[in-house]
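Inside the fold
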Amino acid sequence: MEKIKIGKIVNAVGLKGEVKVYNYSDSPEIYYRVKAIYDENELRRVKAVREQKNMVILSLEGIDNRDDAEKAKGRELYITDKDLPKLPKGQYYIRDLMGMEVVQEDGSHLGVLTDVIQNTPQDVFEVETDEGKKVLIPRVPDFVLQIDEKKRVITVHLIEGMLDM
């Protein structure tokens, strides 16, 4: 069972033990779907979830007052991999892509996927070559031709100059 970090307790809210969570995922939906969540290594039942100004507010079993909530500040929150929702075909969790071999369309080895940059209009794959060079490849159909989850291989098409950046 792999634990996946989804947030961090950043503050106490009110007097009844609610905690404010900085959400690491794209959507707060996961907090509504799970029945329990790991607070560091302790499994706690989720009693209530709400949102406030783009932050998740949780009521967790065993955190029953403001003092408990204050003590929880800074703790990371986790779910297990079985709690992750299934994604539609063609969508992937970044953690599943990391470390995949990246090959060019002629089958030649380019490198290994080391990062997915998401603060751009489209995701950008960062590939580290065997020589230690970083290559950035936009995740658009013109450049990323195929992602084979079973073989753990990403096939890409590079244009002239892409390796020189």
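Bear in mind the structure is a predicted one, so any value in this text is a computation, not a measurement.

**Considerations on the pattern of salt bridges**
Enumeration over the complete set of coordinates arrives at twelve salt bridges. R33 is the partner of E29 in a salt bridge, and the nearest nitrogen-oxygen pair spans 3.9 Å. Here R33 and E29 lie together in helix α1 (residues 29–33), a separation of four residues that amounts to about one turn. In this structure E29 comes out as partly exposed when scored by relative accessible area, which is 44%.

**Re unusual backbone geometry**
Although it is not a glycine, K53 sits at a positive phi angle of roughly 50°. Positionally, K53 belongs in the loop between β4 (42–52) and β5 (55–60). Positive phi outside glycine occurs at N54, with the angle close to 65°. Tracing the backbone through its elements, the reader meets N54 in the loop between β4 and β5. A relative accessible area of 80% places N54 in the exposed class.

**Side note on the sheet that holds strand β3 (residues 36–39)**
Read around the barrel, six strands follow the order β1-β2-β5-β4-β3-β6 and close on themselves; strand pairing throughout is antiparallel. Pairwise comparison of adjacent strand axes, ignoring direction, gives a mean angle of 50° for this sheet. Note: β3 against β4, four bridges, orientation antiparallel. Paired with I37 across the two strands is R44, which belongs to β4.

**Quick word on the pairing of β5**
Within β5, six of the six residues are buried, which leaves the element mostly enclosed by the surrounding structure. Side chains M55, I57 and S59 of β5 all project onto a buried face; the interleaved residues V56, L58 and L60 project onto the opposite face, where all are buried too. Note that β4 and β5 share six bridges and pair antiparallel. For V49, the partnering residue across the bridge sits in β5 and is L58. Linkage of β4 to β5, two consecutive antiparallel strands, is achieved through a turn of two residues, within which K53 is found at a positive phi near 50°.

Rules and cut-offs
Counting restarts for each chain, with residues numbered from 1 along the sequence as it is written. Local features in this predicted model are restricted to residues whose pLDDT is 70 or higher, and side-chain atom pairs enter the listing and the counts only when it is 80 or higher, whereas totals over whole chains, interfaces and linings include all residues. Note that water and hydrogens are dropped before the side-chain values are worked out from all heavy atoms of the structure. Any carboxyl oxygen of Asp or Glu that lies within 4 Å of a side-chain nitrogen of Lys or Arg is treated as forming a salt bridge with it. The helix and strand labels rest on DSSP assignments: H or I over at least four residues marks a helix, E over at least two residues marks a strand, and numbering proceeds from the N terminus. For the exposure calls, accessible area comes from a 1.4 Å probe over protein chains only, and a residue counts as buried if that area is under 20% of its type's maximum, exposed if over 50%, partly exposed in between. Whether two strands pair depends on DSSP finding at least two bridges between them. Here, axes are lines fitted to C-alpha atoms. For helices the fit covers the stretch in contact, and angles between N-to-C directions go from 0 to 180 degrees.

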